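What follows is each chain in one-letter form.
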2 protein chains.
Amino acid sequence: MRCFSKAQIVASLDPEVALRGLEQGFIAFSAGKVQVPPIQGFSFPGANGDCCVKSAYMEGSATFTVKISAGFYDNPGKGLPSNDGLMLVLSAQTGQPLALLHDEGWLTGMRTALAGRIAARLLAPPQVTAIGILGTGMQARMQLEQLGAITDCRQVMVWGRQDSGLATYRAFARTLGYEVHTTQDAAEVAGAANLIVCTTPSRLPLLRSEWVRPGTHITAVGADGPGKQELDPALVARAARIVVDSVTQCSQYGEVAHALRSGQIDTTQLIELGTLLASGAPGREHPDQVTLADLTGVAVQDAQISSCALAALTA
Amino acid sequence: MRCFSKAQIVASLDPEVALRGLEQGFIAFSAGKVQVPPIQGFSFPGANGDCCVKSAYMEGSATFTVKISAGFYDNPGKGLPSNDGLMLVLSAQTGQPLALLHDEGWLTGMRTALAGRIAARLLAPPQVTAIGILGTGMQARMQLEQLGAITDCRQVMVWGRQDSGLATYRAFARTLGYEVHTTQDAAEVAGAANLIVCTTPSRLPLLRSEWVRPGTHITAVGADGPGKQELDPALVARAARIVVDSVTQCSQYGEVAHALRSGQIDTTQLIELGTLLASGAPGREHPDQVTLADLTGVAVQDAQISSCALAALTA
């Protein structure tokens, strides 16, 4: 068995290959061809930490993956990052462990950003006036990097709570060739942008329906656990197309969970990303539709991106 | 993060230290101080394989452990062992992965054998006439190695289905200083031995109640999943003391599950090994009692033995 570092993984992974792997993964997941055992969770109240183990096997794949993600929120005081992570890739033919990818959470970030790109390719309006980003962290950067592949627009409006985060993001986005506007008022993002990605761990809605212009597409990736919420439920209810990565999971704790609970939508309005990809139908049906992609993250993404990473690392 | 091979782990682990760690683990488990998330299971019907992920954190411990065990039963035809396994040890203070122990299942074997030794120390009759072993595989060898520490008896009667397995076991047991008798009739084992360990993956009872002499202790470790059974339920019902590693788990698929289902015993007759250890009470109350230890294996054993192994490897 071999171990690979984050640096090796970042240097090897081809996002275009990973993108195709993720699309296959979403299709297989929605067709019921992925084994996804229950998530294992630990809490470490004394250390202000938690950890989860997510595993998946896409039937027919040569490998399967066990992912361990840890968040220990006092780590920065010890000079360590809050988040760590690794993926173990095992052979689905012999059970042998093939590789440990100590990606420190990078592959999770990448598979989330690539899912956002897939959703935006299917749902973004034909003319993107500006890209809007809520949040200034790693996922906010990765999403912008990936969106460059699906639109020629090089205007970005980024929302954050702190000047320092906005300044860092501005410098980053400029290196990608963007003209950058920063704001601490989310209404400004909705006024300028019609392709918006929400990447924050917010527990209160940040984006109100009345701010959002017709024809806007919104991808929300921040709500990945109970209690998290970035969107006004009225905005979810207003969307003509609501694409989710997993109906079951999003109904429990995605953005759509809040609108379902209040009865503003029902589950028949949800379509899984894998079902949409398999159908070959256009995601967006009309230029003036508001569309939403609610991405909570599914373990088949980990299985597929780790498989791609291992193939690249051992090529 | 460091990776260690089976050879390194075998060379470093001190069974006496691990034994104390396991006792602490059983006590914590029975006191409700171990986080044990649900087991993750995969099946690979095309490759005749399965895999499970078991994780545990003993509260207060410096580490927690994720174990992956794979069984791929066509592997021998490919020149590979049927079983593989590894344990990942992570920090409970920072979430960082500390080590990957690629023990190939050896630590699982060792913690199972050490649990058998703990049970035998508490429950074996004062005069052991002979040790009886059902099965001739790795666990059958490890149990005998550990029992040498709790009795001076150096007579062993081993049962197996095949001459070749019995011959190999005979040679092994002689190297430990045993006088060895082999048989293909389990009644002979019960006639000679009053400390019996059952280590087979049988799905039909092997040991009948009427063969077993008063004062015999039996440890059964083979039943670790639904459908497995080594003992006649009447023998389980006859036991004056029934010690289990986990009431919940043994009631589902241990030896006691069969006797519970047929109404021959009820759960009030079960006592957990950790509860017995914590009480300081003697396991065996009378020389003529038949006693039983039903050990299905609990994840806290993995957490404790991997913690011990890592401490020894990095000392």
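No experiment lies behind these values; they were computed from the predicted model shown.

Attention shifts here to the overall build of chain A. Of regular secondary structure, chain A possesses 11 helices and 15 strands. At 19 Å, chain A has a C-alpha radius of gyration in line with the 20 Å of a compact globule built from 315 residues. Across its three principal directions, the C-alpha atoms of chain A cover 55 × 45 × 40 Å. Across the 315 residues in chain A, those meeting the buried criterion constitute 56%. Across chain A, contacts joining residues at least 24 apart in sequence account for 69% of those joining residues at least 6 apart.

On to the relation of the copies chain A and chain B. In the superposition of chain A on chain B (RMSD 0.1 Å, axial shift 0.0 Å), the rotation amounts to 180 degrees. Interpreted geometrically, this transformation is the action of a two-fold axis. Closest approach to the rotation axis among the C-alpha atoms of chain A is made by Pro38 of chain A, whose C-alpha sits 3.4 Å away. Same-surface contact between copies: 100% of interface residues of chain A are shared with the interface of chain B.

Residue and element names in this part refer to chain A. According to the domain assignment, chain A consists of domain 1 (2-107 + 300-313) and domain 2 (112-298). Counting from both sides, the interface comprises 12 residues of domain 1 and, opposite them, 13 residues of domain 2. When residues of the side of domain 1 that touches domain 2 are traced back to their parent elements, those giving at least two are α2 (15-30) and α11 (299-313). It is α2 that provides the largest number of residues to the side of domain 1 that touches domain 2, a total of nine residues. Across the side of domain 1 that touches domain 2, the residue classes break down as nine nonpolar, two polar and one charged.

Moving on to unusual backbone geometry. All names here are of chain A. Look at Asn48: it is not a glycine, yet its phi comes out positive at around 50 degrees. With respect to the secondary-structure elements, Asn48 resides in the loop between β3 (40-44) and β4 (49-58). Its identity is not glycine, yet Glu104 carries a phi of approximately 55 degrees, on the positive side. Residue placement: Glu104 occurs in the loop between β7 (97-102) and α3 (106-123). Using a count of 20 C-beta atoms within 10 Å as the deciding quantity, one classes Glu104 as buried.

A pair of packed helices can be characterised by two numbers: the angle between their axes and the separation between those axes. All names here are of chain A. Interaxial distance between α3 and α11 falls to 10 Å at its minimum, and their mutual angle equals 110 degrees. Overall, the two elements α3 and α11 adopt an arrangement that is roughly perpendicular. Crossing of α3 against α11: the hand is right-handed. When α3 is examined against α11, the residues Leu107, Thr108, Met110, Arg111 and Ala115 are found in contact with a partner set consisting of Gln301, Asp302, Ile305, Ser306 and Ala309. The class makeup of the residues in the contact of α3 with α11 is five nonpolar, three polar and two charged.

Before going further, it helps to examine the interface of chain A and chain B. Listed by partner, the interface residues are 36 residues for chain A and 36 residues for chain B. Mapped by element, the contributors of at least two residues to the side of chain A that touches chain B are β3, β4, β5 (63-72), β6 (83-91) and β7 of chain A. Split by residue class, the side of chain A that touches chain B holds 22 nonpolar, 12 polar and two charged.

Let us now look at the sheet that holds strand β12 (residues 217-220) of chain B. Residues and elements named next belong to chain B. If you trace the eight strands from one edge of the open sheet to the other, you get β10-β9-β8-β11-β12-β15-β13-β14, paired in parallel fashion. In this open sheet, the two strands that pair with only one neighbour each are β10 (179-183) and β14 (270-272). This sheet shows a mean twist of 20 degrees between the axes of neighbouring strands, independent of strand direction. Against the sheet, helix α5 (residues 163-175) contacts β9 (155-159) and β10, and its axis sits at roughly 165 degrees relative to β10.

Here we take up the packing of α3 of chain A against helix α4 (residues 138-147) of chain A. Residues and elements named next belong to chain A. Close contact between α3 and α4 brings their axes to 9 Å; oriented N to C, the two are set at 45 degrees. The angle between α3 and α4 places the two elements in the oblique class. α3 and α4 meet at a crossing whose hand is right-handed. Where α3 approaches α4, its residues Gly109, Met110, Thr112, Ala113, Leu114, Gly116, Arg117 and Ala120 are matched on the opposing element by Met138, Gln139, Met142, Gln143, Glu145, Gln146 and Leu147. A per-class count over the contact of α3 with α4 returns seven nonpolar, six polar and two charged.

This next bit is on the sheet that holds strand β8 (residues 131-134) of chain A. All names here are of chain A. Spatially, eight strands are ordered β10-β9-β8-β11-β12-β15-β13-β14 in an open sheet, and the strand pairing comes out parallel. Each end of this open sheet is capped by a strand with a single partner; those strands are β10 (179-183) and β14 (270-272). This sheet shows a mean twist of 20 degrees between the axes of neighbouring strands, independent of strand direction.

All names here are of chain B. Mapped onto the elements, Leu19 comes out in helix α2 (residues 15-30). With 22 C-beta atoms packed within 10 Å, Leu19 lands in the buried category. Setting aside residues up to four positions removed in sequence, Leu19 forms contacts with Leu114, Arg117 and Ile118.

Counting 207 residues, the largest nonpolar core has Leu101, Ala119 and Cys198 of chain A together with Ala119 and Cys198 of chain B as its most contacted members. Sequence-distant contacts of Cys198 of chain B, defined by excluding residues within four places in its chain, comprise Leu134, Leu206, Leu207, Ile218, Ala220, Val221, Gly222, Glu230 and Leu231 of chain B.

Here we take up the environment of Arg213 of chain B. Residue and element names in this part refer to chain B. One can find Arg213 in the loop between β11 (195-198) and β12. Classification of Arg213 as partly exposed rests on a count of 14 C-beta atoms within 10 Å. Sequence spacing of Arg213 and Ala192 is 21 residues, and the spatial spacing of their C-alpha atoms is 8.9 Å. Beyond its immediate chain neighbours, meaning those up to four positions away, Arg213 contacts Ala190 and Asn194.

Further remarks concern α2 of chain B. Residue and element names in this part refer to chain B. Taking 1.5 Å per residue as the helical rise, α2 with its 16 residues ought to reach 22 Å, and the 22 Å between its terminal C-alpha atoms agrees with that figure. Along α2, the positions that sit buried rather than exposed are Ala18, Leu19, Gly21, Leu22, Gly25, Phe26, Ile27, Ala28, Phe29 and Ser30. Here the buried face of α2 lies against β2 (34-35), β4 (49-58), α3 (106-123), β14, α10 (273-279) and α11 (299-313). Trailing α2 by a residue or two, Gly32 shows a phi angle of about 75 degrees, which is positive.

Another point: the pairing of strand β9 (residues 155-159) of chain A. Residues and elements named next belong to chain A. Counted residue by residue, β9 has four buried out of five residues, so it is predominantly covered. This β-α-β element, β8 to α4 to β9, shows right-handed connectivity. Following the backbone out of β9, through helix α5 (residues 163-175) and into the adjacent parallel β10, one traces a crossover that is right-handed.

Quick notes on the rules
- Residues numbered from 1 in each chain as written.
- Chains lettered and ligands numbered in written order.
- Predicted model: local features only at pLDDT ≥ 70, side-chain atom pairs only at ≥ 80, totals over all residues.
- Helix = DSSP H or I, 4+ residues; strand = E, 2+ residues; numbered from the N terminus.
- Rg over C-alpha atoms; globule rule 2.2 N^0.38 Å.
- Buried ≥ 20, exposed ≤ 12 C-beta atoms within 10 Å, placed from the backbone.
- Contact = placed C-beta atoms within 7 Å.
- Least-squares fit on C-alpha atoms with pLDDT ≥ 70 in both.
- Domains from an automatic or database assignment.
- Nonpolar A, V, L, I, M, F, W, Y, C, P; charged D, E, K, R; others polar.
- Axes fitted to C-alpha atoms, helices over the stretch in contact; angles between N-to-C directions.
- Parallel < 35°, antiparallel > 145°, perpendicular 65-115°, else oblique.
- Left-handed = near helix turned anticlockwise from the far one by under 90°.
- Pairing = 2+ DSSP bridges.
- Core = buried A, V, L, I, M, F, W, Y, C linked by C-beta atoms within 7 Å.
- Expected span 1.5 Å × (residues − 1).
- Right-handed = clockwise from strand over helix to strand, strands pointing away.

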